[in-house]
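# Topology and contacts: notes
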Amino acid sequence: MKYLDEFRNKAAAKRLASRISSEVGEGEVTLMEVCGTHTMAVHRYGIKGLLPPNIRLLSGPGCPVCVTSNRYIDKAIAYSKQSDVILTTFGDMVKVPGSRSSLAREMSRGADVRIVYSTTDALKIARDNTERKVIFLGVGFETTVPTVATSILEADRMGMKNYFVLSAHKLIPPAMKALLDGGELKIDGFICPGHVSTITGTQVYEFIPRNYRVPCVVAGFEPVDIMQAIYTLVQQITRGIAEVANQYRRAVRKEGNPKAREVIYEVFEPSDSDWRGIGVIPQSGLMIRQRYRKYDAEANIDVEIEPSAENPRCICGAILRGVKEPLECTLFGSLCTPEHPKGACMVSSEGTCAAYYNYGRQMPKKPEG
Amino acid sequence: MCLAIPIRIVERHGIVGIGEVGGVRRQVDLQLLDDVQIGDYVIVHAGFAIQKLDEEEAAETLSLLSELISGDS
Ligand code: SF4
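In what follows, the accompanying structure is described. (Residues numbered from 1 in each chain as written. Chains lettered and ligands numbered in written order. Predicted model: local features only at pLDDT ≥ 70, side-chain atom pairs only at ≥ 80, totals over all residues. Heavy atoms only, no water.)

### As for the overall build of chain B
Worth spelling out the cut-off: Secondary structure elements are defined from DSSP: runs of H or I of at least 4 residues count as helices, runs of E of at least 2 residues count as strands, and each element is numbered from the N terminus. Throughout, the radius of gyration refers to the C-alpha atoms, and the reference size of a globule is 2.2 Å times the residue count to the power 0.38. Only protein chains enter the accessibility calculation, which uses a 1.4 Å probe; a residue is then buried when its area is under 20% of its type maximum, exposed when over 50%, and partly exposed in between. Residue contacts are counted whenever heavy atoms from the two residues lie within 4.5 Å of one another. For the area figures, the Shrake-Rupley method with a 1.4 Å probe applies, and any residue is considered shielded solely by the protein chains shown. Charge convention: Lys and Arg are scored as positive, Asp and Glu as negative, and His as well as the terminal groups of each chain are ignored. For this purpose, a charge sits on NZ of Lys, CZ of Arg, CG of Asp or CD of Glu.
Secondary structure assignment for chain B yields 1 helix and 5 strands. Along chain B, helices and strands appear, N-terminal first, in the series β-β-β-β-β-α. Taking 73 residues into account, the globule formula puts the C-alpha radius of gyration at 11 Å, and chain B, at 15 Å, lies well above it. Dimensions along the principal axes, computed over C-alpha positions, put chain B at roughly 50 × 25 × 25 Å. A total of 73 residues make up chain B; the buried ones form 48% of that total. Across chain B, contacts joining residues at least 24 apart in sequence account for 29% of those joining residues at least 6 apart. Summed over its atoms, the accessible surface of chain B is roughly 3,500 Å², and 49% of this surface lies on carbon and sulfur atoms. Averaging the locations of the 5 positively and 13 negatively charged side chains of chain B gives two centres separated by 12 Å.

Given below as structure tokens:
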């Protein structure tokens, strides 16, 4: 398929690997792939196996389902129990364990939870069920938010009264800043999320090389893309350069997609947001503006939830910060599997634990120290 | 969840496009992009086209790549 096959050339990926090896020399280099889709690709294509042992790839917080707080999941579960509610969501959210239950479990008990492929489907469900309240679980980053904002604008145009969004949308650059400020990790370079960047453009990362001297490369999702991005990062690191480069030029423009951003900020405004493992990051979320408040589930539909609790044995939070790896979790692969996930990082196919599990043929290096 | 794939637009009816990928046709919402033409490749995420693919840039990336790895055996 065009735009895919030519970037899946194995021979090219291997040659890039040897270029990377000779460029990097002896020093230890730690790179973070921020986006969960990159994590999945890294494991699927065996990228870690191609790289020299002194390059360490860490997964970051870029898996929307993984970073969604238990409190949000508990709230979604509570809504699903209301008999006049139809809960609509992308499939990944259903299996995520909350504090006491999951949407999947509530479905088996009769809750009306429907998996949709797009917000267009959710709107259609609302139109077909005007006597019920239809709530869409708004989880996702810059890539997904325009599609949710569009649905709210559409509901508004049509004067719909039964469509609501429970928003836990998040923004990537503030999370990268929080990791850098947290100081738990020494990150030598970021592989920046390609599809988030189709919307944001590349300028949103400029503060990272400028303020932290850490190079950033926006990358596509095929093996050649990722290897090329790593090569560029290693080149910058060994030469003492720090800048934002764009490997994914076929899809990412410097200015991003201004039309999509206009739609986002028509409907949403920045707000503080709670990230699993990281905590509340200032201005890292998006809440529905006053003007569209009638589509905000929280503002319109009362729900009570008990205090949220984390599974004390799940280290998903630390994994999302890049400070631990799945093999350090005692539940990994035994009690926690994609079929029976105990934590969010095992649910989504782009969750780090799921990626390690699904592509286990390529076991990662044990972390040092 | 940020999974998105390149799809070729084969029909367009206002903001609704029909895309084709690997012989399968599916509906694509085009309202987040200006002037998508039939024959264009777009990146589709959750039913919406979020960006057009740029053929020249793709060729450029590949030629950079072949420059980079030529000379190796
Ligand atoms: S393996 Fe399961 S329990 Fe362990 S950190 Fe990952 S998601 Fe949590």
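### Details of the nonpolar core
Residue and element names in this part refer to chain A. Where we set the bar: Take the buried residues of types Ala, Val, Leu, Ile, Met, Phe, Trp, Tyr and Cys, join any two whose side-chain atoms come within 4.5 Å, and each joined set is a nonpolar core.
Within the largest apolar cluster, 106 residues are counted, with the highest numbers of intra-cluster contacts made by Leu87, Ile135, Ile152, Tyr163, Phe190 and Phe268. If you tally residues by element for this core, the top one is helix H8 (residues 145–157), at 6 residues. When sequence neighbours within four positions are dropped, the list of residues in contact with Phe268 reads Val145, Val148, Ala149, Ile152, Ser167, His169, Leu286, Met287, Ile288 and Arg289.

### Here we look at the sheet that holds strand E6 (residues 163–167) of chain A
Note: strands within a sheet are paired through backbone hydrogen bonds, in either parallel or antiparallel orientation. All names here are of chain A. Put simply, the rule reads: Should DSSP find at least two bridges between two strands, the strands are taken to pair. Inter-axis angles, ranging from 0 to 180 degrees, are taken between N-to-C directions of lines fitted to C-alpha atoms, where helices are fitted over the stretch in contact.
Taken in spatial order, the 4 strands of this open sheet run E4-E3-E5-E6, and their pairing is parallel. Edge positions in the sheet fall to strand E4 (113–115) and E6, since each has one partner strand and no second. Ignoring which end each strand starts from, the neighbouring axes of this sheet average 25 degrees apart. As defined by bridge partners, strand E5 (residues 133–138) adjoins E6 across 5 bridges and the pair is classed as parallel. Note that in E6 the partner of Ile135 across the bridge is Phe164. Across the face of the sheet, helix H5 (residues 70–80) comes into contact with strand E3 (85–89), E4, E5 and E6 while running at roughly 155 degrees to E6.

Functional significance is not addressed by these values, which are geometric in nature.
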